[in-house]
Amino acid sequence: MLDHNVPAVVLKLDRNVFHHGGLGVIRSLGRAGVEVYAVCEDPLTPAARSRYLRGRFGWLPDADQPYRVLSALARIAERIGRRAVLIPTDDAGAILLAEHGPVLRRWFSFPMQPPDLPRRLAGKASLAALGRELGLPTVDSVETDDPVVAREFAERVGYPVVAKLAAPWRDTGGLRSTTIVRDARALTAAYAAGVPLLLQEYLPGSDWFFHGYCDADSVCRPAFTGRKHRSYPPHAGLTSLGECVPDPVLSGEMAALLSRLGYRGILDCDLRRDARDGRFRLLDFNPRIGAQFRLFRTADGVDVARAAHLDLTGRPVPDSAPAAGRRFLVENYDTAAALGYLRRGELDVRTWLRSLRGIDETAWFAADDLAPFGLMCLRTAWRAAHRPIGRRRRSTPARPGPGTARARSARSVEIEAVGGTV
């Protein structure tokens, strides 16, 4: 039983109206009777229309101005009037909480992390360096903003190589967080954006992930492992179809790593099982809740969001087994992902349609909460209709101009009550 007297606030600094992880938090805690509030770009953000959202904050924070974010969060806490559990949905939010924890703990409850740890884990190059320090199975990599050095690395390890933004929470220059670079021409194009990149060798094998919640003693409970069957973009993006597949070896390795790090709170890690030796290699460590976290829950119905709320309100987290075989689909991204796999000859229409059977939960559609799905469909259609033919898709939405939520002062936080008063 969750403490219904303690509300939760979903903090999102990422400018992405199609972020389904925040909606998952709203639904998971809201269905359990917890009052949930969320920071939203605008009233027509799909997650902002969930029936389980008690209040939305019409404010688009700027992660590059942390003290304005802190000031606005203080006013949000004042409007709510009670201490609340604060759950970030992106790396920038997790870094903010760790580095400015003493200020925010006056009003919010969240795990007490070592101040520098989330930034080290979220940074691609710093994570690779940390892995080498700890003696983890590593992936050959180099961080550079020099195209010549990058080309020499790619020629040494062989194409394709994986290009990642060194600090994905900053300005991306129009690049995706992760891109598979298949030849020298594509590598030159990637460096034309003028942002530092981490290049990694491309490993043959299968994609896995690990989700969990660590308490104050860095004990991970619950802990989940799963397979990423499809992603968007193919082989280099977020999960569009995943399955809960328990793996005791991976769970044990991650539990030992988290204990060594002294990690606390929710985490989402991407790994690859190397086909050459069968070992897991850590590729990404997200020190916050993952967008696909609703793929995982225990037999008692506990996911990482509920585990965090239970622990932070002084209640025990049930120790029960994961719901093995559970499958999760992100409708809008999987359609695009399937097209990519079809073009590569890695999927056919019949196999794709067969894979859609037996889905346990979808990111957007829910029979008891239809508005977010409808808005997602409308906004997806609008974006497709207004994108010029042949235009390359940007990894992040364009920065809004004056007069939009982006230009609002943090002093003008707008709060709209949904189904009640704030």
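Think of each chain on its own: its residues are numbered from 1, step by step along the sequence as written. Reporting in this predicted model follows two pLDDT cut-offs: at least 70 for local features of residues, and 80 or more for side-chain atom pairs to be given and counted; totals over whole chains, interfaces and linings ignore these cut-offs and use all residues. In computing side-chain properties, one takes all heavy atoms of the structure into account and sets aside hydrogens as well as water.

Draft legend 1. Expanded view of the overall build of the protein. Helix and strand counts for the protein stand at 13 helices and 17 strands. By the burial criterion, 54% of the 422 residues in the protein qualify as buried. Only heavy atoms matter for contacts: two residues are in contact if any of them lie within 4.5 Å across the pair. Residue pairs at least 24 apart in sequence account for 69% of intrachain contacts in the protein once pairs closer than 6 positions are excluded. Carbon and sulfur atoms make up 53% of the accessible area of the protein, which amounts to about 18300 Å² in all. Only DSSP runs of H or I with at least four residues qualify as helices, and only runs of E with at least two residues qualify as strands; both kinds are numbered from the N terminus onward. Only protein chains enter the calculation, and the probe is 1.4 Å; a residue is then buried if its accessible area is under 20% of its type maximum, exposed if over 50%, and partly exposed in between. Note that accessible areas follow from Shrake-Rupley with a 1.4 Å probe, and for residues the cover is restricted to the protein chains shown.

Draft legend 2. The nonpolar core, seen in detail. What makes a nonpolar core is a set of buried Ala, Val, Leu, Ile, Met, Phe, Trp, Tyr and Cys residues whose side-chain atoms join them at distances within 4.5 Å. V25, I26, L29, I289 and W364 are the most contacted members of the largest nonpolar core, which totals 49 residues. For this core, the element with the highest residue contribution is helix α10 (residues 304-312), accounting for five residues. Each residue touching I289, except ones within four places of it in the same chain, is listed here: V25, I87, P88, T89, I266, V304 and A305. One finds L73, I80, L86 and L104 within the second-largest nonpolar core, a separate group that totals 22 residues.

Draft legend 3. Summary view of the packing of helix α1 (residues 20-31) against α10. In contact at an axis separation of 9 Å, α1 and α10 are set at 55° when each is read in the N-to-C sense. Compared by their axis directions, α1 and α10 come out oblique. You can see that α1 and α10 cross each other, and the crossing is right-handed. Taken together, the residues of α10 that come into contact with α1 (itself represented by S28, L29 and R31) are A305, R306 and H309. Each axis is a line fitted through C-alpha atoms, and for a helix only the stretch in contact is used; angles between axes span 0 to 180 degrees, taken between their N-to-C directions. Here the word oblique covers every angle except those under 35 degrees (roughly parallel), over 145 (roughly antiparallel) and from 65 to 115 (roughly perpendicular). Crossing handedness: left-handed means the near helix sits turned counterclockwise from the far one by under a right angle, and right-handed means the same turn made clockwise.

Draft legend 4. Structural context of unusual backbone geometry. Along the chain, R221 connects to P222 via a cis peptide bond; the corresponding omega equals 5°. Tracing the sequence through the fold places P222 in strand β11 (residues 220-232). Not every positive phi belongs to a glycine, and S218 is a case in point at roughly 65°. Along the chain, S218 falls in the loop between β10 (205-214) and β11. For S218, a relative accessible area of 9% translates into the label buried. The residue H235 is not glycine, and still its phi comes out positive at about 70°. One can find H235 in the loop between β11 and β12 (238-244).

Draft legend 5. Broad picture of a negative patch on the surface. The grouping of E143, D145, D146, E152 and E155 at the surface amounts to a negative patch. Counting through the fold element by element, D146 comes out in the loop between β6 (141-144) and α7 (147-157). Two joining distances apply to patches: 9 Å for like charges and 5 Å for nonpolar side chains (Val, Leu, Ile, Met, Phe, Trp, Tyr), and every residue must have over 30% relative accessible area and no salt bridge. The term salt bridge refers to a side-chain nitrogen of Lys or Arg lying within 4 Å of a carboxyl oxygen of Asp or Glu. Only four residue types enter the charge count: Lys and Arg as positive, Asp and Glu as negative, with His and the chain ends excluded. We put the charge of a Lys on NZ, of an Arg on CZ, of an Asp on CG and of a Glu on CD.

Draft legend 6. Layout of the packing of aromatic side chains. Aromatic contacts are taken between Phe, Tyr and Trp rings whose centres are within 6.5 Å, Trp giving its six-membered ring; a plane angle under 30 degrees counts as stacked, one over 60 as edge-to-face, and the others as tilted. Counted under the stated rule, the structure contains seven aromatic pairs. Relative to Y333, the ring of Y232 has its centre 5.9 Å away and its plane inclined at 15°; by these criteria the two rings are stacked. Highlighted residues: Y232 in strand β11 and Y333 in helix α11 (residues 331-343), separated in sequence by 101 residues. Take Y333: its relative accessible area is 8%, and that puts it in the buried class. Among the aromatic residues, those joined into a cluster by ring pairs are F209, F224 and F296. Geometrically, a charge over a ring is one whose NZ (Lys) or CZ (Arg) sits within 6 Å of the ring centre while staying within 35 degrees of the ring normal. Directly above the ring of Y202 sits R272, whose terminal nitrogen or CZ lies 5.2 Å from the centroid. When the ring centre of W208 is taken as reference, the NZ or CZ atom of R273 above it lies at 5.1 Å.

Draft legend 7. Spotlight on the pairing of strand β9 (residues 197-201). The element β9 is largely enclosed, with a buried count of five among its five residues. Sheet analysis places β6 next to β9, joined by four bridges and oriented antiparallel. From the neighbouring strand, S141 faces β9, where its bridge partner is Q200. If DSSP finds at least two bridges between two strands, the strands pair. As paired elements, strand β7 (residues 161-165) and β9 share five bridges and run antiparallel to each other. Across the sheet, residue A163 finds its bridge partner in β9, namely L199.

Draft legend 8. Highlighting empty space enclosed by the protein. A cavity here means a set of 1 Å grid points, computed over protein atoms only, where a 1.4 Å probe fits but cannot escape. A pocket is an open set with protein on both sides within 12 Å along at least 5 of 7 lines, and lining residues have an atom within 4 Å of a point. Grid points are joined across faces, edges and corners, and a volume is the space filled by probe spheres set on the points. A complete count under the given rule lists six cavities of 30 Å³ or more for this structure. In this structure, the largest cavity encloses a volume near 200 Å³. Around the largest cavity, the lining comprises 21 residues; the ones closest to its centre are P88, L97, P111, I266 and P287. Examining the composition of the lining of the largest cavity, we find that four residues originate from one element, strand β4 (residues 84-88), more than from any other. Classifying every residue of the lining of the largest cavity gives 17 nonpolar, two polar and two charged. Each pocket or cavity is described by its volume, and for the second largest cavity that value is around 140 Å³. Lining the second largest cavity are 13 residues, with L127, A128, T138, V139 and L282 positioned closest to its centre. Of all elements in the fold, only α6 (124-134) and β14 (280-286) reach the threshold of two or more residues within the lining of the second largest cavity. With five residues, the top contributor of residues to the lining of the second largest cavity is α6. Throughout, the ten residues Ala, Val, Leu, Ile, Met, Phe, Trp, Tyr, Cys and Pro are labelled nonpolar, Asp, Glu, Lys and Arg are labelled charged, and all others, Gly among them, are labelled polar. Its residues assigned to classes, the lining of the second largest cavity comprises seven nonpolar, four polar and two charged.

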